[in-house]
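Fold and geometry: a report
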Amino acid sequence: MSLVDYAAAARKRVPTFQGVEWQPGLWLAWAVIIIAVFAAVAPGLLTHYSPIEGIAGAQRLAPQAGHWLGTDQLGRDVYARIVYGASHSLSAALAAVTMGLLVGTGLGVVAGACAGRVESLLMRFVDVLLSIPSLLLSLTVIILLGFGTVNAAIAVGVASIASFARLARGEVVRIRHTDYVEAAFGSGGTFFAVLWRHILPNALTAVLAFATLQFGQAILALSTLSFLGYGTPPPVPEWGLLIAEGRNYLSTAWWLTTFPGVAVIAVVLATNRISQQFSGGLK
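Within each chain, residues carry numbers counting from 1 in the order of the written sequence. Per-residue local features are limited, in this predicted model, to residues with pLDDT of at least 70; the limit for side-chain atom pairs, both in listing and counting, is 80 or more; totals at the level of whole chains, interfaces and linings are taken over all residues. The basis for every side-chain value is the complete set of non-hydrogen atoms in the structure, without hydrogens or water.

**Section: the confidence of the model for the protein**
Filter applied, for reference: Confidence of the predictor in every single residue is expressed as pLDDT, which spans 0 to 100. We call two residues contacting when some pair of their heavy atoms lies within 4.5 Å.
On average, residues of the protein score 84 in pLDDT, and 87% of them reach the 70 mark or higher. Low confidence marks residues 13-19, where pLDDT is under 50. Its contacts with residues over four positions away, or in another chain, come to eight contacts.

Structure follows, in structure tokens:
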């Protein structure tokens, strides 16, 4: 789906909590997100195992009572590592989306509001960023900054700036030419007053809905970087790193990659479903 289609869908219906058709899939999506957030905030309440220290003689145990999702090659409980990994994956994704949202929306708003040469210059810069594949751009940034969770979040955030900027600019340009904005200028409103009171509140609806979708994409991107060895270093229990560590044991310990992969897929699908609700009930 293009940014133009996404913006149009987001403008079609602003979500409210009255008269909303709450489907089972949406309930399930919210449940997954709530559980993931709870695991990120208070992992110690969901498991008593350490995500770092292994248990002697408990290497690669299959899922069983006491170890619901099995153990890894060092005797560490997989369930505990997934639970504690939520804080690293979700916090990094939130930081990446926040960076893309603030910087990208700022560039888009300035370009759409100022127009002329300022718009041309900023949007050419955005076009350059859009011409580079997001994974390649993220890898370039993280190689320049170095490995680590923070640098990985910055890399993913930089890769998302262009998408936010293009969407925000399109929304500002559309709203800037509406009748009520023209009337606000005709009534003596200053540029900044009209921008703050009329243009921004209406333009940010689609941008915030798009940010929800980008949260899931950020989790995927961060997991990809960790899987390739450019993200969070071991022994930190980040979801992408868990999948990477278990890939050498697929034939003998399938649970090492399956359950972390299911966690990533579940959270990404949940955020996508919720973003559809906030963008107007896309199917």
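**Notes on the nonpolar core**
Selection criterion: Residues grouped as a nonpolar core are buried Ala, Val, Leu, Ile, Met, Phe, Trp, Tyr and Cys residues, joined through side-chain atoms within 4.5 Å. A 1.4 Å probe rolled over the protein chains alone gives each residue an accessible area, and that area as a share of the maximum for its type sets the label: buried under 20%, exposed over 50%, partly exposed in between.
If you look at the biggest cluster of nonpolar residues, it comprises 56 residues, and the most contacted ones within it are Ile82, Phe164, Ile219, Trp239 and Val267. Not counting residues within four places of it along the chain, the set of residues in contact with Trp239 comprises Ile82, Gly85, Ala86, Ser89, Ile219, Ser223, Pro260, Ala263, Val264 and Val267. Ala113, Val172, Leu195 and Ile199 belong to the second largest nonpolar core, which has 11 residues in total.

**Brief notes about helix α4 (residues 116-131)**
Residue pairs three or four apart in sequence face the same way in an α-helix, which turns once every 3.6 residues. Filter applied, for reference: Secondary structure is summarised from DSSP: a helix means a run of H or I of at least four residues, a strand means a run of E of at least two, and numbering begins at the N terminus for each. To estimate how far a helix should reach, multiply one less than its number of residues by 1.5 Å. Regarding the arc, it is the one traced by the directions from the helix axis to the C-beta atoms.
Over its 16 residues, α4 runs 23 Å from end to end, which matches the ideal 22 Å to within 8%, given 1.5 Å per residue. Of the positions making up α4, those classed as buried are Glu119, Leu122, Met123, Val126 and Leu129. Down the axis of α4, the smallest arc covering the buried residues is 105 degrees, so these residues share one side. Projecting away from the buried face of α4 at angles above 90 degrees are the exposed residues Arg117, Leu121 and Ser131. Buried residues along α4 sit in contact with α3 (78-114), α5 (134-145) and α6 (149-176).

**Section: the packing of aromatic side chains**
Formally: Between rings of Phe, Tyr and Trp, where Trp is taken as its six-membered ring, a pair exists when centres lie within 6.5 Å; planes separated by under 30 degrees are stacked, by over 60 edge-to-face, and by other angles tilted. We call a charge positioned over a ring when the NZ of a Lys or the CZ of an Arg lies within 6 Å of the ring centre and within 35 degrees of the ring normal.
Tallied over the full model, the rule gives five aromatic pairs. Centre to centre, the rings of Trp68 and Tyr79 are 5.4 Å apart; their planes meet at 45 degrees, and the pair counts as tilted. Here Tyr79 lies in helix α3 and Trp68 lies in the loop between α2 (24-41) and α3, a separation of 11 residues in the sequence. The exposure class of Trp68 is exposed, given its relative accessible area of 61%. Geometrically, the ring pair formed by Trp254 and Phe259 is tilted, given 5.6 Å between the ring centres and 50 degrees between the ring planes. By relative accessible area, Phe259 is classed as partly exposed at 22%. Among the aromatic residues, those joined into a cluster by ring pairs are Trp254, Trp255 and Phe259. The side chain of Arg247 reaches across the aromatic face of Phe227, ending 4.7 Å from its centre.

**Notes on unusual backbone geometry**
Cis rather than trans, the peptide bond between Pro234 and Pro235 has omega equal to 5 degrees. Summarising the element assignment, Pro235 is placed in the loop between α8 (191-228) and α9 (239-246). Located in the positive-phi region is Arg60, a residue other than glycine, with phi close to 50 degrees. Tracing the sequence through the fold places Arg60 in the loop between α2 and α3. Note on Arg60: relative accessible area 40%, which makes it partly exposed.

**Points about the environment of Thr205**
Among the structural elements, Thr205 can be located in helix α8. Here Thr205 falls in the partly exposed class, since its relative accessible area comes to 26%. For the pair Thr205 and Glu171, spaced 34 residues apart in the sequence, the C-alpha separation amounts to 9.2 Å.

**Some details on the environment of Val262**
Take Val262: it is sitting in helix α10 (residues 255-278). Since its relative accessible area comes to 47%, Val262 is described here as partly exposed. As for Val262 and Trp239, which are separated by 23 residues in sequence, their C-alpha atoms are 9.9 Å apart.

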